[in-house]
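Letter by letter, the chains look like this.
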Amino acid sequence: MFQSARSESRVLLVVLFALVTLVLAPPLVGQDTTTSIRVEASNPDGAEVGGVTITITHVPTGRTQVYETNSQGVVTARGLAVGGP
């Protein structure tokens, strides 16, 4: 009988741990601290320019990311670090 009570306690503990994990996990996922920007490249006449290399630098860390515009002159940079001067 004592063995059965221990097994039930362990099962209860595992279930309780699983419930706590499920409750706390979504708020942790919501702590994403990145941003995105959309860049449109055009010439002086306002025409779209494709194939333009765009370099984005996060000044505090010096991290750079390089992108190339599509045929409509647009690129969306995602996952960028937030912050800067």
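Throughout what follows, the structure given in this document is the object of discussion. (Residues numbered from 1 in each chain as written. Predicted model: local features only at pLDDT ≥ 70, side-chain atom pairs only at ≥ 80, totals over all residues. Heavy atoms only, no water.)

Now for the pairing of strand 3 (residues 63-68). In this structure, strand 2 (residues 53-58) lies alongside strand 3, joined through six bridges in antiparallel fashion. The residue of strand 3 that forms the bridge with H58 is R63. Here strand 2 hands over to strand 3 after four residues, with G62 in that stretch at a positive phi of 75°. (Pairing = 2+ DSSP bridges. Helix = DSSP H or I, 4+ residues; strand = E, 2+ residues; numbered from the N terminus.)

Okay, the side chain of Q65 next. Within the secondary structure layout, Q65 lies in strand 3. At 3.0 Å, the side chain of Q65 and the side chain of Y67 are in polar contact. (Polar contact = N/O pair within 3.5 Å; in protein donor to acceptor, adjacent residues only side chain to side chain.)

Core analysis: the biggest nonpolar cluster contains seven residues, these being V39, I54, I56, Y67, V75, A77 and L80. When contributions to this core are tallied by element, the ones reaching two or more residues are strand 2 and strand 4 (74-81). The element contributing the most residues to this core is strand 4, with three residues. Excluding residues that lie within four positions of it along the chain, V39 makes contacts with I54, G73, V74 and V75. (Core = buried A, V, L, I, M, F, W, Y, C linked by side-chain atoms within 4.5 Å. Buried < 20%, exposed > 50% of the residue type's maximum accessible area, 1.4 Å probe, protein only. Contact = heavy atoms within 4.5 Å.)

So yeah, pure geometry; function would need other evidence.
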